[in-house]
Amino acid sequence: MKAWDILKAAFSENTKILITTRIKDVAEHVKKERRGFVCEPQTLTDEESWELLEKKASSMTSIKATNPSDYEEMKKLGKAMLKHCGGLPLAVVVLGGLLSAKRTLDEWVTLHENVKELINKGEESIGEQEYKGVLGVLGLSYDELPYQLKPCFLHLANFPEDSEINVKELCRLWTAEGFVLNENEAHKCLMALVYRGMVQVGKPSSIVGRIKTCRMHDLMRDLCLEKARNENFLRLINFQEAEGSALSTQVMSTGKVRRLAVHSNENIVSELLPLTNNRDGCLRSLICFGPQQELLNPRDLFKPLFNCFYMLRVLKFENISQRSSRILLPKEIGRLIHLRFLSLRSLSEFRLPSSMANLRCLQTLDLRRNTFMSIMVLYSINIVISKLDRLRHLYLPLLWVDTLLGQLSVQLGYVKQFQLRLGSLKSLETLVNFNTSYCKFDELSQLTKLTKLSIIIEEGLGEIKPASNLQSLELIKYGDRSEAIVSFLSSYLRIQKLTLQAKLVSLQENILSPNLVKVTLQHSRLDVDPMPILGKLSKLRILALGSESYDGKEMVCCKDSFPQLESLCIHRLLNLEDWRGEEGALSKLCHLKILYCKKLKSYPHGLKTITTLKEIEIIGMSEGFKTSFDQEGGDEDCHNEIE
């Protein structure tokens, strides 16, 4: 209720507000103040619960056809177990995930007995909690997990409530921890948790069968936190809550802590320094979440952390900046010889000490930040990077020449003496922010395992042998149009994802991979409508035409074009006035965004016939467009903000 009392002053009397909460008192409190009403979602009926369970327990269909008598017995057992789910869809889905692996009547009987036993035990410990039966079912879902999935599930307790978890990073963390051998196995484990209803899908990936983000239901996260704490797998210190400081002292003084998640508030130094009193060297993972913070001297924090926790395998320490000058990371970081995952993303401008060359086990190194860094950083990276020969994922910072001396060194060719030499990183799979001025371009051909490559073009693109495994390519070039980009693209006709932030002479069909499933164009300044060419890509599922990607006034989606496209976004096409969709175009479109195309006169008439549309987002459009949309597409679910 405190949060609402702070926020309510920002809303006028006529503002419509939707609040979701698990605390009924909060809903009643807001209702009285805003003259609103409380809507309590109804739980599932017995029949609805059974229909959902039967759908999730995939083995039921075949059993019903081949052995009707067993099916009827299973149905009785299933309905008995459903009584403990209280009609809550999450619990029914989780129970269905458990039963999907049980294909015989005996296995169902055993599970039924386990459910009864667990619920009886749970009632003694959780008393009058509203969800005691549900929590029992969820607890059983954990107990039934195969041994290799349990640490993966418990690791999810690291992340803040309601957060969208990046799946690629999650898989790399699991690999660094040693839960799995590689990231493909990690993704399979994640999908197994999704299949059991223990993890929810966030954003789907453009690659079929994979997901981009995931999240946890609140009740499932409560279970995850409880199990992680009881098994001493992980401890969470949340300084955003009142008891955070007291818990910090308690956690580090009682027993050995292997993994620590810190949700920081405003003063990360005073919050984390007490943790360094624990010098038993047991900590294997330190993951920090929190807002951007400016420190007087970050070395005061880094040095004791590196000294105390020298057994770390995972260090995720982001959003730290310094009030003046640049940060020189302390040489003690070289003691973390077991480190496999290091993220210093959004850290203030820094230099790497030569001792970082000791981190020979490092698999992921993330040095990205949102603003450019001095070319001096390049020299410090160059000292250590070639020694990290087990690196799989490297995210470089953006670099620029910020001083007269630096500019002179570029003109005289001295910078080439310090260019990053990455040819020794034979295991590299991801390379982001590769700058052609500051990195040895010809060494790219030696990185044969690359699957993702992001290049910033400041000098010409040379001739290299394309990496046969490359799936994702991003090209960024500021300034004039370049023929070299067209020539370069024609060498990569197997890629599945393409991002172009560069002015193009033209978009030609013969330079685009027929395997493309995702295309993003930005600042391309194309004169000719790109839709006829893009529409021929038979596997394309996601298309984003970003700011200034097309300068023309007309755009046409030709007949039967974009046969597999599911998501389309057009953003800040400032000259676009007319957009038409012909018969059969965009036949599988599900998500459409039209943002800040202020000259676009009307909603495309042809899109009215698309029956697959689930979501339309319209922001920053004209009143004329709004009127047209109300006539043509107003019956769809729409997020609409007209300026």
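First, a word on scope: everything that follows refers to the structure included in this document. From a predicted model like this one, the values you see are computed outputs, not experimental measurements. (Residues numbered from 1 in each chain as written. Predicted model: local features only at pLDDT ≥ 70, side-chain atom pairs only at ≥ 80, totals over all residues. Heavy atoms only, no water.)

### Examining the overall build of the protein
1) Next: Tallying secondary structure elements over the protein gives 20 helices and 28 strands in all.
2) Next: Going through the 643 residues of the protein one by one, you find that 50% of them count as buried.
3) Next: Taking as baseline every contact in the protein between residues at least 6 positions apart, the subset at least 24 positions apart corresponds to 59%.
4) Next: For the protein, the exposed surface amounts to about 31200 Å²; the carbon and sulfur share of it is 49%. (Helix = DSSP H or I, 4+ residues; strand = E, 2+ residues; numbered from the N terminus. Buried < 20%, exposed > 50% of the residue type's maximum accessible area, 1.4 Å probe, protein only. Contact = heavy atoms within 4.5 Å. Areas by Shrake-Rupley, 256 points an atom, 1.4 Å probe, with all protein chains shown as cover.)

### Regarding a nonpolar patch on the surface
1) Next: Together, Leu 7, Phe 11, Ile 17 and Ile 19 make up an exposed nonpolar region whose accessible area comes to about 320 Å².
2) Next: Mapping Ile 17 onto the fold places it in the loop between helix H1 (2–7) and helix H2 (24–34).
3) Next: For Ile 17, a relative accessible area of 33% gives the class partly exposed. (Patch = residues over 30% accessible without salt bridge, like charges linked within 9 Å, V, L, I, M, F, W, Y side chains within 5 Å. Salt bridge = Lys/Arg side-chain N within 4 Å of Asp/Glu carboxyl O.)

### Examining the pattern of salt bridges
1) Next: A complete count under the given rule lists 17 salt bridges for this structure.
2) Next: Between Arg 525 and Asp 551 there is a salt bridge; the shortest N-O distance is 2.8 Å. Highlighted residues: Arg 525 in the loop between strand E21 (518–522) and helix H19 (531–534) and Asp 551 in the loop between strand E22 (542–545) and strand E23 (554–557), separated in sequence by 26 residues.
3) Next: Looking at Asp 551, the relative accessible area reads 21%, which means it is partly exposed.

### Points about the pairing of strand E17 (residues 430–435)
1) Next: Counting buried residues in E17 gives 6 out of 6 residues, a clear majority hidden from the surface.
2) Next: Pairing of strand E15 (residues 393–395) with E17, which is carried by 3 bridges, proceeds in the parallel orientation. Bridged to His 393 within E17 is Thr 430.
3) Next: Both E17 and strand E18 (residues 452–456) contribute to a ladder of 4 bridges, which runs parallel. Each residue of the ladder has a partner; that of Asn 435, found in E18, is Ile 456. (Pairing = 2+ DSSP bridges.)

### Observations regarding unusual backbone geometry
1) Next: We note that Asn 433 has phi near 70 degrees; this positive angle belongs to a residue other than glycine.
2) Next: Topologically, Asn 433 is positioned in strand E17.
3) Next: Owing to a relative accessible area of 12%, Asn 433 belongs among the buried residues under this scheme.
4) Next: The backbone of Leu 586 shows a phi angle near 55 degrees, a positive value even though the residue is not glycine.
5) Next: Counting through the fold element by element, Leu 586 comes out in the loop between strand E25 (578–581) and strand E26 (591–595).

### Notes on helix H5 (residues 68–82)
1) Next: For H5, built from 15 residues, the straight-helix expectation of 21 Å at 1.5 Å per residue is met to within 8% by its first-to-last C-alpha distance of 21 Å.
2) Next: Along H5, the residues that are buried comprise Tyr 71, Met 74, Leu 77, Gly 78, Met 81 and Leu 82. Burial along H5 is one-sided: seen end-on, the buried residues are contained in an arc of 135 degrees. (Expected span 1.5 Å × (residues − 1). Arc of directions from axis to C-beta.)

### So, the environment of Glu 33
1) Next: Position of Glu 33 relative to the elements: it lies in helix H2.
2) Next: Once the C-alpha coordinates of Glu 33 and Lys 8 are considered, the two residues, 25 residues apart in sequence, prove to be 9.5 Å apart.

### Considerations on the packing of helix H3 (residues 46–56) against H5
1) Next: Contact geometry of H3 with H5 gives a least axis separation of 10 Å together with a crossing angle of 120 degrees. Relative to H5, the element H3 is oriented oblique. Between H3 and H5 the crossing geometry is right-handed. Across the interface between the two elements, Glu 47, Ser 49, Trp 50, Leu 53 and Glu 54 from H3 touch Tyr 71, Lys 75, Gly 78, Lys 79 and Leu 82 from H5.
2) Next: Of the residues belonging to the contact of H3 with H5, the class tally is 4 nonpolar, 2 polar and 4 charged. (Axes fitted to C-alpha atoms, helices over the stretch in contact; angles between N-to-C directions. Parallel < 35°, antiparallel > 145°, perpendicular 65-115°, else oblique. Left-handed = near helix turned anticlockwise from the far one by under 90°. Nonpolar A, V, L, I, M, F, W, Y, C, P; charged D, E, K, R; others polar.)

### Here we look at the sheet that holds strand E3 (residues 213–215)
1) Next: Spatially, E1-E3-E2 is the arrangement adopted by the 3 strands of the open sheet, whose pairing is antiparallel. Strand pairing shows two members of the sheet lacking a second neighbour, strand E1 (165–166) and strand E2 (200–201), which therefore form its edges.
2) Next: Sheet analysis places E1 next to E3, joined by 2 bridges and oriented antiparallel. The partner of Asn 166 across the bridge, within E3, is Thr 213.

### Re the packing of aromatic side chains
1) Next: Taken as a whole and judged by the stated rule, the model has 10 aromatic pairs.
2) Next: Pairing Phe 441 with Phe 488 gives two aromatic rings, centres 6.3 Å apart and planes at 55 degrees, and the pair type is tilted. Within this pair, whereas Phe 441 is found in the loop between E17 and E18, its partner Phe 488 is found in helix H18 (residues 483–489), the two being separated by 47 residues in sequence. The exposure classification of Phe 441 matches that of Phe 488, with both residues buried. (Phe/Tyr/Trp six-rings, centres within 6.5 Å; stacked < 30°, edge-to-face > 60°.)

### Let's talk about the pairing of E25
Consecutive side chains of a regular strand alternate in pointing toward one face of the sheet and then the other.
1) Next: With burial as the criterion, only one face of E25 is covered, namely that bearing Trp 579 and Gly 581; the residues Asp 578 and Arg 580 on the opposite face remain uncovered.
2) Next: Both E23 and E25 contribute to a ladder of 4 bridges, which runs parallel. The residue bridging Cys 557 from the neighbouring strand is Gly 581, located in E25.

These figures capture arrangement, not role.
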